[in-house]
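Descriptive structure summary
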Amino acid sequence: MASSLMQWLTNPRRNWFAAQHYKALCNRLKKYGLRYDDLYDPMSDLDIKEALARLPREVVDARNQRLKRAMDLSMKHEYLPEDLQALQTPFRGYLKEMLALVKKENAEREALGALPLYQRSIP
C-alpha cells in the first residue's frame, strides 16, 4: 500500500504535482546546462565517487565542464542563452547504471562477510 502510494506521488505521468515539479526542475537545470546526475556529490557518498571513477574519462570530463560552466554562470548571475537551453537534456542519465552496479557489489561483499573496499568517512 505504501509503496504504491509513493509510486503514485513521484510519477509525473500520474500525479499533477509531480509533473509540475519535474517541469520546474527541468527548466532550472536547463538554465545552467546541467544534468540531474551532475547534482550527486562524490564527497558525501563514496559509492558515487567509486562510480565516477569507473566511468569513461570523456564522461567525467564532460560532467566537470558542465559543473564549471554552471558555477561560472551562477557567479555572473546569468543563464545559458535560449538557443543553448533548447539543446540541453537534463534527464539523460549517465551515472545511475554504474552507481547501481557499485551498490550491488557492496551489498554482495557485505552479504559474503568481506571487509568493505573503503571505509566511509565523511569530512
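For the structure, see preceding data.
Residues numbered from 1 in each chain as written. Predicted model: local features only at pLDDT ≥ 70, side-chain atom pairs only at ≥ 80, totals over all residues. Heavy atoms only, no water.

So, the pattern of salt bridges
By the definition in use, this model includes six salt bridges. Where R54 meets E105, a salt bridge forms, and the shortest distance between an N and an O atom there is 2.7 Å. Pair noted here: R54 is in helix α3 (residues 46-54) and E105 is in helix α6 (residues 96-111), with a separation of 51 residues, a long-range link. Here R54 falls in the partly exposed class, since its relative accessible area comes to 30%. On the basis of relative accessibility, which here comes to 26%, the residue E105 falls in the partly exposed class. With its nearest N and O atoms 3.2 Å apart, the salt bridge here joins K76 to D72. By relative accessible area, which is 38% here, D72 ends up partly exposed. Linked through salt bridges whose partners overlap, the residues forming this network are D45, D47 and K103. (Salt bridge = Lys/Arg side-chain N within 4 Å of Asp/Glu carboxyl O. Helix = DSSP H or I, 4+ residues; strand = E, 2+ residues; numbered from the N terminus. Buried < 20%, exposed > 50% of the residue type's maximum accessible area, 1.4 Å probe, protein only.)

Observations regarding the environment of V60
Relative to the elements of secondary structure, V60 occurs in helix α4 (residues 57-75). Each C-alpha atom of the pair V60 and Y94 lies 9.6 Å from the other, and the pair is 34 residues apart in sequence. Apart from residues lying up to four places away in sequence, V60 is in contact with L52 and L55. (Contact = heavy atoms within 4.5 Å.)

Considerations on the nonpolar core
Ranked by size, the top nonpolar core spans nine residues in total: I48, A51, L52, L55, V60, Y94, L95, L99 and V102. Listing elements by their share of this core, those giving two or more residues are α3 and α6. For this core, the element with the highest residue contribution is α3, accounting for three residues. The residues contacting L99, other than those within four sequence positions of it, are D47, I48 and A51. (Core = buried A, V, L, I, M, F, W, Y, C linked by side-chain atoms within 4.5 Å.)

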